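A look at the structure
Spelled out from the first residue to the last, the chains are:
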Amino acid sequence: MGYSKFDFGEDFQWGVSTAAYQIEGAHNIHGKGVSIWDKFVQNSSKIKDGSHADVGCNFYEHFEKDLDIIRELHIPNYRFSIAWSRILPNGIGEVNQKGIDFYNRLIDGCLERNITPWVTLYHWDLPQALEDQGGWTNREILNWFEEFTTLCARSFGDRVVNWMILNEPMVFTGAGYFLGYHAPGRKGMSNFLSAMHHATLCQSLGARILRNELEDAKIGTTFSCSHIDPMTNDEKDVAAANRFDALLNRLFIEPALGLGYPLDDLPIAKRVEKYMMPHDESRMHFDFDFIGVQNYTREVVKSNWMIPYMKGQIVNADERNVPLTTMNWEVYPKSIYNVLKKFDAYEGVKELIVTENGVAFPETVVEGRIKDLDRVQFIQQYLHQVLKAQREGVNVTGYFLWTLLDNFEWAEGYTQRFGLIHTDFDTQERIIKDSGHWYKRFLQSAKVRNLVV
Ligand code: GAL
């Protein structure tokens, strides 16, 4: 079967996503403060190729040219994040005007090119000065986040309509405060549960602040979501898969919807009660205009009583004889359909937007060209599933590709290329990949039809 962009509806929002730390570089110029990622990468054993993003894609200096490429590709929406420590070097207190100026130029640069900006407030780069006081584990973060959000609303809210509060709270609290493989590299259940609870509170607090400051803002927040299957139909595997589903897919959205934490299906999270104050249950609730769904793969789970807390484990994709990406993630297009259906089924979810979906495959530059047909096929297959969900009544209203250009992929360093644009990290040269040209044709004309392979 084939489809064109018009099958998704006239008003469907097509876009591309990035995050500040992964692309901006300029880590210590024009008054920027140190973030937890600036510090974390100094220990090169934490990053697969020992790299860092001090320079990254140097988007800070190249952004005008990169916006020109977005325009050239006919991408109408651009999602990016604000580096907290660029505008508030110490997290709170003194404002760095040069940082504010940068985001003003970026927003104005979008608008001049007829590109709609979509701003994520927090995409994982907490100011180190706040981490030094406990970071997300310290309830004071509610006050710090209020100051940051208010500053963003008052500085940029006259031109930015579309906002997302947090990027994937499960990942930054899980990988950053429980497993320790993302910044700030902390571990353990009490760090995780306190960070999780404070992130949940900030998710709704930030939204309430924007709502009060900016009457017409469209306010969402984003979640990492993966469809989860049990390894077998054995009841132990099924129960383990349910626990992982509660952890990975339900833990942050349900409190936002006023349902509280899914404690019945995730008994370990009951210890969160230690961090809860009177009225927190209602504070966690906010009536979001949209929910950002970020999907890449599915997970398969089996029971394992040796694993603390979860009594189960994710079975790595490379042990399952399935198609793989270079992240060692399974290519499983139906996952995006399943998560859209799942989230749409919640009463209180008004609108879903796919705020990230994309892929890293092996690729080489041959005579100045990157023939990434496998990426095109991946996107087509996932989009086909988005369309299927929409046709079945799911209110999915947008799709943002991850990502504009190859960049610093967190603990994977520069080993993973997710971009529509190839970045040469030595010269900062950009080459539009075949997938970028394909996206342009798809967005440009009703006549280009996708053939789903
Ligand atoms: C998401 C994250 C992005 C990007 C992407 C690809 O979890 O929000 O920053 O890294 O995964 O791995």
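Because the structure is a prediction, the values reported are computed rather than measured.

**Some details on the environment of Ser17**
Its place among the elements puts Ser17 in strand E2 (residues 13-17). On the accessibility criterion, Ser17 (0% relative accessible area) is buried. Once the C-alpha coordinates of Ser17 and Thr355 are considered, the two residues, 338 residues apart in sequence, prove to be 7.2 Å apart. Look past the residues within four positions of Ser17 in its chain and what remains in contact with it is Arg79, Thr355, Glu356, Phe400, Leu401, Trp402, Thr403 and Leu404.

**Details of the sheet that holds strand E4 (residues 116-122)**
Reading around the circumference, E2-E3-E4-E5-E6-E8-E11-E12 is the order of the 8 strands in this closed barrel, with parallel pairing throughout. Across the sheet, the mean angle from the axis of one strand to that of its neighbour is 25°, orientation sign disregarded. Here strand E3 (residues 77-81) pairs with E4 via 5 bridges, running parallel. Looking at the pairing, Arg79 lines up with Trp118 of E4. Running at roughly 45° to strand E6 (residues 218-224), helix H8 (residues 169-178) makes contact with E4, strand E5 (162-166) and E6 of the sheet.

**Observations concerning the packing of aromatic side chains**
Taken as a whole and assessed by the stated rule, the structure comprises 45 aromatic pairs. Ring plane angle 45° and centroid distance 5.1 Å describe the contact between Trp136 and Phe172, whose orientation is recorded as tilted. Of this pair, Trp136 sits in the loop between helix H6 (128-131) and helix H7 (141-156) while Phe172 sits in helix H8, and the two are 36 residues apart along the sequence. Across the pair, Phe172 and Trp136 agree in class, each one buried.

**Examining the site of the ligand**
The environment of the ligand is formed by 13 residues, the closest being Gln22, His123, Asn167, Glu168 and Glu409. Here an oxygen atom of the ligand sits 3.0 Å away from a polar atom, N or O, in the side chain of Glu356. Coverage of the ligand by the protein chains reaches 94% of its 310 Å² of free accessible surface. Among the residues making up the shell around the ligand, the classes are represented as 6 nonpolar, 4 polar and 3 charged.

**Topic: the nonpolar core**
Counting residues in hydrophobic clusters, the biggest one holds 146 residues, and the most contacted among them are Trp37, Tyr78 and Trp136. Among the elements that line this core, the one with the most residues is helix H9 (residues 189-213), at 12 residues. Excluding residues that lie within four positions of it along the chain, Trp37 makes contacts with Tyr21, Ile47, Trp124, Asp125, His182, Ala183, Phe408, Trp410 and Ala411. Counting 5 residues, the second largest nonpolar core, distinct from the first, contains Trp118, Met164, Phe290 and Phe400.

**Let's talk about unusual backbone geometry**
With the exception of glycine, the majority of residues adopt a negative phi angle, and the majority of peptide bonds are in the trans configuration. Looking along the chain, the bond that leaves Ala183 and enters Pro184 is cis, with omega of 5°. Inspection of the secondary structure assignment puts Pro184 in the loop between H8 and H9. Trp402 connects to Thr403 through a cis peptide bond whose omega is 20°. A positive phi is found at Asn58, a non-glycine position, where the angle reads about 45°. Relative to the helices and strands, Asn58 is located in the loop between helix H2 (36-40) and helix H3 (59-72). Exposure remark for Asn58: the relative accessible area of 13% places this residue in the buried category. Positive phi, close to 45°, is recorded for Glu367, a residue that is not glycine. Take Glu367: it is sitting in the loop between strand E11 (352-356) and helix H14 (373-391). Taking relative accessible area as the criterion, Glu367 reaches 81% and is therefore assigned exposed.

**Things to note about the pattern of salt bridges**
Evaluated as defined, the whole model comprises 31 salt bridges. Taking the shortest distance from any N to any O, the salt bridge between Asp38 and Lys32 comes out at 2.6 Å. Assessed through its relative accessible area of 12%, Lys32 is described here as buried. A salt bridge links Lys48 to Glu412; the nearest nitrogen and oxygen atoms lie 3.0 Å apart. Of this pair, Lys48 sits in the loop between H2 and H3 while Glu412 sits in the loop between strand E12 (396-402) and strand E13 (421-423), and the two are 364 residues apart along the sequence. Using a relative accessible area of 57% as the deciding quantity, one classes Lys48 as exposed.

**Examining the UniProt feature "active site" (unreviewed entry) in the protein chain**
Within this structure's numbering, the places UniProt gives as "active site" (unreviewed entry) are Glu168 and Glu356. A maximum C-alpha distance of 10.4 Å among these annotated residues, which run over 189 residues, shows that they cluster at one spot. The class of Glu168 is buried, set by a relative accessible area of 7%. Among all residues touching Glu356, those that are not within four sequence positions of it are Ser17, Arg79, His123, Asn167, Glu168, Val293, Gln294, Asn295, Tyr296, Phe400 and Trp402. Among the polar contacts made by the side chain of Glu356, one reaches the side chain of Arg79 at a distance of 3.1 Å.

**Some words on the packing of helix H5 (residues 97-112) against H7**
At a minimum axis distance of 11 Å, the contact between H5 and H7 shows a crossing angle of 50°. Our classification of the angle between H5 and H7 gives oblique. Regarding H5 and H7, the two cross each other, and that crossing is right-handed. Note on element contacts: H7 touches H5 through Leu151, Ser155 and Phe156, opposite Ile100, Tyr103, Asn104 and Ile107. Residue classes in the contact of H5 with H7 are distributed as 5 nonpolar, 2 polar and no charged.

Rules of the game
Residues numbered from 1 in each chain as written. Predicted model: local features only at pLDDT ≥ 70, side-chain atom pairs only at ≥ 80, totals over all residues. Heavy atoms only, no water. Helix = DSSP H or I, 4+ residues; strand = E, 2+ residues; numbered from the N terminus. Buried < 20%, exposed > 50% of the residue type's maximum accessible area, 1.4 Å probe, protein only. Contact = heavy atoms within 4.5 Å. Pairing = 2+ DSSP bridges. Axes fitted to C-alpha atoms, helices over the stretch in contact; angles between N-to-C directions. Phe/Tyr/Trp six-rings, centres within 6.5 Å; stacked < 30°, edge-to-face > 60°. Near = heavy atom within 4 Å. Polar contact = N/O pair within 3.5 Å; in protein donor to acceptor, adjacent residues only side chain to side chain. Areas by Shrake-Rupley, 256 points an atom, 1.4 Å probe, with all protein chains shown as cover. Nonpolar A, V, L, I, M, F, W, Y, C, P; charged D, E, K, R; others polar. Core = buried A, V, L, I, M, F, W, Y, C linked by side-chain atoms within 4.5 Å. Salt bridge = Lys/Arg side-chain N within 4 Å of Asp/Glu carboxyl O. UniProt positions renumbered as here; feature names shortened; annotations may be inferred. Parallel < 35°, antiparallel > 145°, perpendicular 65-115°, else oblique. Left-handed = near helix turned anticlockwise from the far one by under 90°.

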